[in-house]
Amino acid sequence: MEPMNNETELVRYAASGDATAFAALFRLYKDKLYGFLLKATGAPEMAEDIIQDIFLRLWKNREKLPEITHFEGYIYQAARNQVINSLKRMARETLILDELVKTREAGRTDAEDRLNVHEMNKNLHSALEKLTPRQKLVYTLSRDKGLKHEEIARFLDISPSTVNNHLIEALRLIRQQLAARPEAFTILIFCFLENFF
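So, here's what we can say about the structure. Predicted, not measured: the structure shown is a model, and the values here were computed from it. (Residues numbered from 1 in each chain as written. Predicted model: local features only at pLDDT ≥ 70, side-chain atom pairs only at ≥ 80, totals over all residues. Heavy atoms only, no water.)

**Concerning the packing of aromatic side chains**
Moving on, step 1. Applying the stated criterion across every chain, the model contains five aromatic pairs.
Moving on, step 2. Measuring from centroid to centroid gives 5.0 Å for Phe22 and Trp59, while their planes differ by 55°, and the two rings are tilted. One end of the pair, Phe22, is in helix α2 (residues 19-41); the other, Trp59, is in helix α3 (residues 44-60), with 37 residues separating them in the sequence.
Moving on, step 3. For Trp59, a relative accessible area of 24% puts it in the partly exposed group.
Moving on, step 4. Aromatic side chains Phe36 and Tyr76 sit 5.3 Å apart centroid to centroid with 75° between the ring planes, which places their arrangement in the edge-to-face category. A residue pair is termed long-range when its members are at least 10 positions apart, and Phe36 in helix α2 and Tyr76 in helix α4 (residues 71-106) qualify at 40 residues.
Moving on, step 5. Under the relative-accessibility criterion, Phe36 is labelled partly exposed at 25%.
Moving on, step 6. Of the residues examined, Tyr76 reaches a relative accessible area of 15% and is grouped as buried.
Moving on, step 7. Through successive ring pairs, a cluster of aromatic residues spans Phe22, Phe26, Phe55 and Trp59.
Moving on, step 8. The side chain of Arg12 reaches across the aromatic face of Tyr13, ending 5.1 Å from its centre.
Moving on, step 9. Residue placement shows Arg62 over the ring face of Trp59; its charged tip is 4.0 Å from the ring centre. (Phe/Tyr/Trp six-rings, centres within 6.5 Å; stacked < 30°, edge-to-face > 60°. Helix = DSSP H or I, 4+ residues; strand = E, 2+ residues; numbered from the N terminus. Buried < 20%, exposed > 50% of the residue type's maximum accessible area, 1.4 Å probe, protein only. Lys NZ or Arg CZ within 6 Å of the ring centre and 35° of its normal.)

Set out below in structure tokens:
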């Protein structure tokens, strides 16, 4: 194989299935993308996940790489889109979990609703038990006690961005736990929609 001296050649070789060229593209941009994403999200794990997602999709669709006229601009736009989508998803999840708390506090009288709330509480409790002690504490102070990030940061003597990181990871783990129990996630969605409309 002839030496690859520039990004255009790396993209061309990667498009033909050259894993070495693709790995070189990854190394060329991973640190710059990580810095960009860390600044945008404040969450190291989210930044790493987004980079992996972007490059995994690029590799799966590598035959389309030659269609990208400006590779750097393309991956930065992909990163921005991923951040926006991730934050939107987190906002939806937060709303659903907040509705769960409101539903729990409302103390519904209907027997079926009480059963659903009991099932939700059980599944949420099980998901919370899988969190680290710090994640669980931050989640509880935020969702159950209603403290703001700055208040939690002062209380725990950590930075607001660390609080944000713990909440992001807690929500991600809770989502994973509930996704493993479709009936629990369905109940959460149902209760959220029922209260929303």
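Let's pick the thread back up.
**Observations regarding the packing of helix α6 (residues 133-144) against helix α7 (residues 149-156)**
Moving on, step 1. Between α6 and α7, the shortest axis-to-axis distance is 10 Å and the interhelical angle comes to 135°. One finds that α6 runs oblique with respect to α7. Crossing of α6 over α7 shows right-handed handedness. For the pair formed by α6 and α7, the contact residues are Arg134, Leu137, Val138, Leu141 and Ser142 on the first element and Ile152, Phe155 and Leu156 on the second.
Moving on, step 2. Split into classes, the residues belonging to the contact of α6 with α7 amount to six nonpolar, one polar and one charged. (Axes fitted to C-alpha atoms, helices over the stretch in contact; angles between N-to-C directions. Parallel < 35°, antiparallel > 145°, perpendicular 65-115°, else oblique. Left-handed = near helix turned anticlockwise from the far one by under 90°. Contact = heavy atoms within 4.5 Å. Nonpolar A, V, L, I, M, F, W, Y, C, P; charged D, E, K, R; others polar.)

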